[in-house]
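A closer look at the structure
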Amino acid sequence: MIPSYRECRTAEADIGMSFYLSDINGTGGRLKKIPEDFIVKEISDRPEPAVDGRFVIAEVTSRNWETNRLVRLMSRGLGISREKIGFGGTKDKRAVTTQLMSFECRMGLMGRITLKDVEIGNAYTARRGIQIGDLKGNSFTIRVRECDVPESDIPGILDGVSSAVTAAGGFPNYFGVQRFGVVRPITHKVGEFIIRGDLEGAVRCYVSDPALYEDESAANVRRSLSEEDDWSSILKDMPDSLSYEKIMVEHIVSNPGDWMGAIGKLPKNLQMMFVHAYQSYLFNRMLSERMRRGLPLNSPVLGDVVIPLDADRIPQHESPVVTTKNNIDLIAKKITSGRAFVTITLFGSEGRISEGEMGEIEGSVIGSEGISEKDFIVPGLPHCSSKGSRREVLCPVADLSHRVAEGGYEMSFSLPKGNYATCLLREYMKSDMDKY
C-alpha cells in the first residue's frame, strides 16, 4: 500500500518541511512559553576520570541560554579561549538544559563562573575533553500550552499520533526550525551565499535581513544596516542581542571589504552551521519529495542507500549498503527490526547520491539549485567547507509517553543525537512555525 502523508500548509514548508507523517488534526498550542516547558538532558558517555587530567569535565545546567553566548561568557570568566571549552551539541535557548562540558583549565578556576541561571556540578578531571557530536542522544520533557482544541479532545489526538509514530518506527527526520532560526530563519540562506562564493551577500544577509518575530530595536538596526553603507554610525545602536552581528560589523568598519574576515571572526561551530543549514534545507526538500511521491520511510525501495546500526544503536555511516533486487528482502527485515535505516544525502564536496527513484529525487533538487560538489569547498574558510554525509529519513523514539496537564499536555521521550524534538511535537501540534 502506498503511504499517504498529510501536507503541511504553514511556513515550515518554506524550509522544506512539506508533510506530516500523521493525518490526524493537531492540538495546536505553543512550546516554550517559559523555559521550564522545555527540559533537555544529554545522554552521554563520560570521559574516564583521571587525577592528572588537564580537562575539567562538568555537568552544566543552564536556563534560557544560547550555547555560543554561554561558552563566550564562561571563557571570559575563566580567562581562557572559548576554543578551550568543549560541548557535545548546541541546545535550544529557551529551555532548561543539562549537558556535559569540558574546560581546559585548573579545577580551582571553575569557581570564577558566576552566571545567572547557570549551575555547574559533578566536576572531575579527565585526559580528554568533550567535542561536537560527543553524545548519544537527549531526553526531553516538554509542555505544550494554549491548545486550540477542547481539553476533552487532547487524549484522542495524542493516542492517535503516538500510534502512527509507533507503527512507523519513528517520525520524518526533518531538520527542525531551530536549524534555520525560529525568529529569523535565514541561516541556510547565509550558507547558500557562502557556497556560491558571495561572501558579501552572506554577511549582509546575516546582519541585516529582517526578522518576522524580532524586537523592534533589533529590527530597526537591521533596517538601517540594509539601507545604509555607513555601518560605523550604527554600531553604537546595536543591542546586546545582536552580539555576533556586532562582531562582523566591527570587523568590516575596521577592514572595509574583508567579508571573509568578518565571517572568520565568528565561533567555528557557528561558521560550520551556515553551510550545514543549507545542506539541511536541501535534505528537507528531498525528504518531502520522497513523501510527496508516497515512498515509504520505514522500508526500502530499489536504489536506496541504507545505513546499519551498531550494538549501541549508533548509525554506521562508513558502512552504507545500496538496496538491490538481491538484498532488498534482507534489508527490509533489518529496517523493520530497527537495525538499519533508509538515508538521504547531505550533499557536499564528497556527497554520494542514491540510485533508483531516490537518486532521481536527490539529483532533481541539486539540479534545481544549480550547485555541484566543488561549491562546498570554501577557500579561506575551512570551517564553512563540508564533505557531506547521509541522514536517516526516519527518527526512532524511545520512552514515548504523554499526559494531559492543565491547559495542555506534557510529552516525555528520548531521541538519538542530531535529531529534533520539535519535529516530533509538530506531528501532535500542527501549529504555525513561530509556536515551536
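An account of the accompanying structure is given in this report. (Residues numbered from 1 in each chain as written. Predicted model: local features only at pLDDT ≥ 70, side-chain atom pairs only at ≥ 80, totals over all residues. Heavy atoms only, no water.)

Looking at a positive patch on the surface
- The grouping of Arg69, Arg76, Lys93 and Arg94 at the surface amounts to a positive patch.
- Note on placement: Arg94 falls in the loop between strand E5 (85–87) and strand E6 (96–103).
- Under the relative-accessibility criterion, Arg94 is labelled partly exposed at 33%. (Patch = residues over 30% accessible without salt bridge, like charges linked within 9 Å, V, L, I, M, F, W, Y side chains within 5 Å. Areas by Shrake-Rupley, 256 points an atom, 1.4 Å probe, with all protein chains shown as cover. Salt bridge = Lys/Arg side-chain N within 4 Å of Asp/Glu carboxyl O. Lys, Arg positive; Asp, Glu negative; His and termini not counted. Charge placed at Lys NZ, Arg CZ, Asp CG, Glu CD. Helix = DSSP H or I, 4+ residues; strand = E, 2+ residues; numbered from the N terminus. Buried < 20%, exposed > 50% of the residue type's maximum accessible area, 1.4 Å probe, protein only.)

Focus: helix H8 (residues 268–292)
- With 25 residues, H8 should reach 36 Å at 1.5 Å per residue; the first-to-last C-alpha distance of 36 Å fits that figure.
- Maximum bend of H8: about 30°, positioned at Phe274.
- Counting buried residues along H8, 18 of its 25 residues qualify, which places the element largely inside the surrounding structure.
- Gly294 sits one or two residues past H8 and shows a positive phi near 75°. (Expected span 1.5 Å × (residues − 1). Bend = angle between axes of the 7 residues up to and from the residue.)

Details of the packing of helix H4 (residues 199–208) against helix H5 (residues 216–227)
- Interaxial distance between H4 and H5 falls to 8 Å at its minimum, and their mutual angle equals 150°. If you check the angle between H4 and H5, you find them roughly antiparallel. Together, Arg204, Tyr206, Val207 and Ser208 of H4 and Arg222, Leu225 and Ser226 of H5 make up the contact between the two elements.
- Class assignment for the residues of the contact of H4 with H5 results in 3 nonpolar, 2 polar and 2 charged. (Axes fitted to C-alpha atoms, helices over the stretch in contact; angles between N-to-C directions. Parallel < 35°, antiparallel > 145°, perpendicular 65-115°, else oblique. Contact = heavy atoms within 4.5 Å. Nonpolar A, V, L, I, M, F, W, Y, C, P; charged D, E, K, R; others polar.)

Quick word on the pattern of salt bridges
- As enumerated under the stated definition, the model contains 29 salt bridges in all.
- With a shortest N-O distance of 2.9 Å, Arg204 and Glu200 are connected by a salt bridge. Highlighted residues: Arg204 and Glu200, both in helix H4, separated by 4 residues, approximately one helical turn.
- For Arg204, a relative accessible area of 24% gives the class partly exposed.
- For Glu357, the salt bridge goes to Arg293, with nearest N and O atoms at 3.2 Å. Highlighted residues: Glu357 in helix H10 (residues 356–369) and Arg293 in the loop between H8 and strand E10 (305–308), separated in sequence by 64 residues.
- On the basis of relative accessibility, which here comes to 31%, the residue Glu357 falls in the partly exposed class.
- Members of the salt-bridge network, linked through shared partners, are Glu289, Arg292, Arg293, Glu357 and Glu360.

Remarks on the packing of aromatic side chains
- As enumerated under the stated definition, the model contains 9 aromatic pairs in all.
- Seen in terms of ring centroids, Phe140 and Phe413 are 5.3 Å apart; in terms of plane orientation they differ by 25°. Their pairing is stacked. Residue Phe140 is found in strand E8 (residues 137–145), and its partner Phe413 is found in strand E16 (residues 408–416); the two are separated by 273 residues along the sequence.
- Phe413 sits in the buried class, given a relative accessible area of 2%.
- Taken together, a centroid distance of 5.5 Å and an interplanar angle of 85° make the contact between Phe175 and Phe283 edge-to-face. Of the two residues, Phe175 is situated in the loop between strand E9 (171–172) and helix H3 (187–195) and Phe283 in helix H8; the sequence distance between them amounts to 108 residues.
- Site record: aromatic cluster; members linked through ring pairs are Tyr278, Tyr281, Phe347 and Phe376.
- Of note, Arg184 hangs over the ring of Tyr206, and the distance from its end group to the ring centre comes to 5.8 Å.
- In this arrangement the basic side chain of Arg391 is found over the ring face of Phe283, its NZ or CZ atom lying 5.8 Å from the centre. (Phe/Tyr/Trp six-rings, centres within 6.5 Å; stacked < 30°, edge-to-face > 60°. Lys NZ or Arg CZ within 6 Å of the ring centre and 35° of its normal.)

Description of the environment of Glu289
- Note that Glu289 resides in helix H8.
- The partly exposed category is assigned to Glu289, whose relative accessible area is 21%.
- Expressed as a C-alpha distance, the spacing of Glu289 and Phe19, which sit 270 residues apart in the sequence, is 9.2 Å.
- At 3.1 Å, the side chain of Glu289 and the side chain of Arg292 are in polar contact. (Polar contact = N/O pair within 3.5 Å; in protein donor to acceptor, adjacent residues only side chain to side chain.)

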